[in-house]
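Here is how the chains run, residue by residue.
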Amino acid sequence: MRAMLADAGDVVVINSCAVTSEAVRQTRQVIRKARRSRPEARLIVTGCAADIERNQIAEMAEVDGLIANRSKLDPRAWNVPADAAPLAPTKTRAFIAVQNGCDHDCTFCIIPQGRGKSRSLSVADALKEIEQHLDLGAKEVVLTGVDLTSWGHDLPNTPQLGALVAAILDAFPALTRLRLSSLDGVEIDEELSELFASDTRVMPHLHLSLQHGADLILKRMKRRHRRTDAVDLVRGLKARRPDIAVGADLMAGFPTETTGHHAENVSIIRELEIVHGHIFPFSPRPGTPAARMPPHDRGLIKARAAELRHAVSEVRAEWLGSLVGQKLPILAERDGTGYSPSYARATVPEGVEAGEIVNMRVRGIQEGQLL
């Protein structure tokens, strides 16, 4: 979007989220702040909130227009020529959206209403887009999607995500870093699991759409996995590739969550050794089944979220400490930091340019970053 609008003049684009009520509140807050700082700019809102909360956002005096979420990458929606959307210069990581939408109906989630049914990029189109980014200098490719592991379900012969990952690795033997975004553990197919375990070009970084550690809450969320599924998955992968770092989304304070359920939520952090935790408090979304369930007190939800974050911080600190003394390949970013294969953030030595991979021996840790 930034590339498409490079010559569009004074324009502010808010790419919004609507996954929780809090996300919508923050979207409105950002819109007001953007208008105060850029009073003369044309302010456009797109993303999920522009669809799901369309009337609410459109009524804001600060907003000049909305672009439907499905159209936000189409130059015609922005009234710019189709050839005016070049890829932005790439030196570090290329994010390739190979899947969009979701066919599931988790009781807390409104994403399917904003993103529609699951849609997959074909293997040929994915390879073409990756090649363009590699030609521009990308050193790492990150596959993304709303429900990434459902990739291929709508394509001929219903291939699975492992087939796409294998095709990418085969097509680009010089690509040394392929990373995957959030995955639904029960949909990780055998080929993908094998590649995670055995191919060093697939980054040892597994981020799970876990949501909770208690089976009853998972059932009420209408998730398709149980606690033991996640435990068995991680245990099996780590047995073959011990350096895999686990991340997970975990929700605090889902309706009907008891003290015991919360304790199971906290305990799964250490059981899975979750070092990249995305903790978010439950926030009811109108139109979802969970919004009709009796909610917990907001203070209780915030307190439980804080306990989950604290548990992650303890496990993460131990993990970072275990990396001290190791020599790691760090892909440098533009801000003087970079990321290891397991997604540990590091301060890179002076003089290292963005896009350069430097083999760095870890001397210590400061403010959560490797030195």
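Heads up: the structure comes first, above all this text.
Keep in mind the model is a prediction, meaning the values are calculated, not measured.

Got a sec to walk through the sheet that holds strand E10 (residues 245–252)? Specific residues and values, please.
Taken in spatial order, the 3 strands of this open sheet run E9-E10-E11, and their pairing is parallel. Bordering the open sheet on either side are strand E9 (205–211) and strand E11 (274–281), each of which pairs with just one other strand. Within this sheet the neighbouring strands show an average axis-to-axis angle of 15°, counted without direction. In this structure, E10 lies alongside E11, joined through 7 bridges in parallel fashion. Across the sheet, Ala-252 pairs through a bridge with Pro-281, a residue of E11. The sheet contacts of helix H11 (residues 298–323) involve E10 and E11, and relative to E11 the element is tilted by about 170°.

I'd like to hear about helix H5 (residues 123–135), residue by residue, with values.
Under the 1.5 Å per step criterion, the end-to-end length of H5 is 18 Å for 13 residues, consistent within 8% with the ideal 18 Å. Here H5 has its buried residues at Ala-126, Leu-127, Ile-130 and His-133. What you see down the axis of H5 is that its buried residues fit within an arc of 125°, all on one side. Every exposed residue of H5 that faces more than 90 degrees away from the buried side is listed here: Ala-124, Lys-128 and Asp-135.

Give a description of helix H6 (residues 161–171) that names residues and reports values.
The complete set of buried residues in H6 reads Leu-161, Gly-162, Leu-164, Val-165, Ala-166, Ile-168 and Leu-169. If you follow the buried residues of H6, they end up packed against H5, strand E7 (140–144), strand E8 (178–180) and helix H7 (190–198).

Account for the side chain of Glu-333, naming residues and giving values.
Position of Glu-333 relative to the elements: it lies in the loop between strand E12 (327–332) and strand E13 (337–339). Assessed through its relative accessible area of 14%, Glu-333 is described here as buried. Within the local environment of Glu-333, its side chain forms a polar contact with the side chain of Arg-93, the two groups lying 3.0 Å apart. Beyond its immediate sequence surroundings of up to four residues, Glu-333 is in contact with Thr-92, Arg-93, Gly-338, Tyr-339 and Ala-354.

A description of unusual backbone geometry should follow, citing residues and the corresponding values.
One non-glycine residue, Thr-256, adopts positive backbone phi at about 75°. For Thr-256, a relative accessible area of 30% corresponds to the partly exposed category. Of note in the backbone geometry, Glu-367 takes a positive phi value of approximately 50° without being a glycine. Its place among the elements puts Glu-367 in the loop between strand E16 (365–366) and strand E17 (369–370). On the accessibility criterion, Glu-367 (79% relative accessible area) is exposed.

Go over the sheet that holds strand E4 (residues 93–97), please, and point to the residues and values.
Taken in spatial order, the 3 strands of this open sheet run E4-E7-E8, and their pairing is parallel. Looking at which strands have only one partner, the edges of the open sheet turn out to be E4 and E8. Each adjacent strand pair in this sheet contributes to an overall mean axis angle of 25°, direction not counted. Pairing of E4 with E7 involves 5 bridges; the strand directions are parallel. Within the sheet, the bridge partner assigned to Phe-95 lies in E7 and is Val-142. Sitting on the sheet, H5 is in contact with E4 and E7, with an inclination near 165° to E4.

How each quantity is defined
- Residues numbered from 1 in each chain as written.
- Predicted model: local features only at pLDDT ≥ 70, side-chain atom pairs only at ≥ 80, totals over all residues.
- Heavy atoms only, no water.
- Pairing = 2+ DSSP bridges.
- Helix = DSSP H or I, 4+ residues; strand = E, 2+ residues; numbered from the N terminus.
- Axes fitted to C-alpha atoms, helices over the stretch in contact; angles between N-to-C directions.
- Contact = heavy atoms within 4.5 Å.
- Expected span 1.5 Å × (residues − 1).
- Buried < 20%, exposed > 50% of the residue type's maximum accessible area, 1.4 Å probe, protein only.
- Arc of directions from axis to C-beta.
- Polar contact = N/O pair within 3.5 Å; in protein donor to acceptor, adjacent residues only side chain to side chain.

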